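# Inside the fold
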Amino acid sequence: MANQYQLVVVLDPAAGEETVNSIVENIQSKIGQVGTVDALDNLGTKKLAYEINDAKEGTYFKVLFTAPVEFPRELERVLKITTGVLRFLIVRVGE
């Protein structure tokens, strides 16, 4: 059974545009292996409320995707160990 989820991820812009794009492509391919990416929005670079790992700004991306119930846990595991990811949040959409 598949559900729809929303991922908001904050990436470190100091890592470089190429690295940021690579991380986003990796997220899309990881989701594409088991589900579908319904929407991907670059929300831009914004000043953070507080420093995270000495970063004062973060590049925000919002991804709407459909995947099996057990997939968000695997995606969280991957995001936790990915260099350049400052913060992320995955929530189920609907119902």
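Heads up: the structure comes first, above all this text.
Residues numbered from 1 in each chain as written. Predicted model: local features only at pLDDT ≥ 70, side-chain atom pairs only at ≥ 80, totals over all residues. Heavy atoms only, no water.

### Things to note about the sheet that holds strand E1 (residues 2-11)
Stated formally: A pair of strands is considered paired only if DSSP assigns at least 2 bridges between the two. Numbering of helices and strands runs from the N terminus, with a helix taken as a DSSP run of H or I at least four residues long and a strand as a DSSP run of E at least two residues long. Axis definition: a line fit to C-alpha positions, over the contact stretch in the case of helices; interaxial angles, taken between N-to-C directions, run 0 to 180 degrees. Here, two residues are considered to be in contact whenever any of their heavy atoms come within 4.5 Å of each other.
The four strands are arranged E2-E3-E1-E4 in an open sheet whose pairing can be described as antiparallel. What marks the edges here is a single partner per strand, and that holds for strand E2 (36-52) and strand E4 (85-92). Averaged over all neighbouring strand pairs, the angle between strand axes comes to 20 degrees, with direction disregarded. With 11 bridges joining them, E2 and strand E3 (residues 55-68) adopt antiparallel strand pairing. Each bridged residue has a counterpart across the sheet, and for lysine 46 the counterpart in E3 is glycine 58. The sheet strands contacting helix H2 (residues 71-80) are E1, E3 and E4, and the helix crosses E4 at an angle near 175 degrees.

### A closer look at the side chain of threonine 59
The line we're drawing: Under the rule applied, a polar contact is a pair of N or O atoms within 3.5 Å (in protein, one hydrogen donor and one hydrogen acceptor; residues adjacent in sequence only if both atoms are side-chain atoms).
Tracing the backbone shows threonine 59 in strand E3. At 3.1 Å, the side chain of threonine 59 and the side chain of threonine 45 are in polar contact. Setting aside anything within four residues of it in sequence, one finds threonine 59 in contact with Val9, Val10, Leu11, Pro13, Asn42, Gly44 and Thr45.

### Considering the nonpolar core
Where a protein is soluble and globular, its nonpolar side chains tend to be buried together. Which entries qualify depends on this criterion: Buried Ala, Val, Leu, Ile, Met, Phe, Trp, Tyr and Cys residues form a nonpolar core when they are joined through side-chain atoms within 4.5 Å. Exposure classes here rest on a 1.4 Å probe applied to the protein chains alone. A residue is buried below 20% of its type maximum, exposed above 50%, and partly exposed in between.
Counting residues in each nonpolar core, the largest one holds 18 residues, and the members touching the most others are Leu7, Val9, Leu11, Ile27, Ile31, Phe65 and Leu75. Mapped by element, the contributors of at least two residues to this core are E1, helix H1 (17-34), E3, H2 and E4. A per-element tally of this core places H1 first, with five residues. With residues near it in sequence (within four places) discarded, valine 9 still touches Ile27, Thr59, Tyr60, Phe61, Val85, Arg87 and Phe88. Counting residues in hydrophobic clusters, the runner-up holds five residues, among them Val10, Leu48, Ala55 and Leu86.

### Some words on the side chain of aspartate 12
This is how it is decided: In this tally, Lys and Arg are treated as positive and Asp and Glu as negative; His is ignored, and so are the chain termini. We count a salt bridge whenever a side-chain nitrogen from Lys or Arg sits within 4 Å of a carboxyl oxygen from Asp or Glu.
Position of aspartate 12 among the secondary structure elements: in the loop between E1 and H1. Within the buried set, aspartate 12 has no salt-bridge partner at all; the shortest N-O distance to an opposite charge, 11 Å, is to arginine 87. In terms of polar contacts, aspartate 12 uses its side chain to reach the backbone amide nitrogen of alanine 14, at 3.1 Å. Each residue touching aspartate 12, except ones within four places of it in the same chain, is listed here: Val20, Ala55, Gly84 and Leu86.

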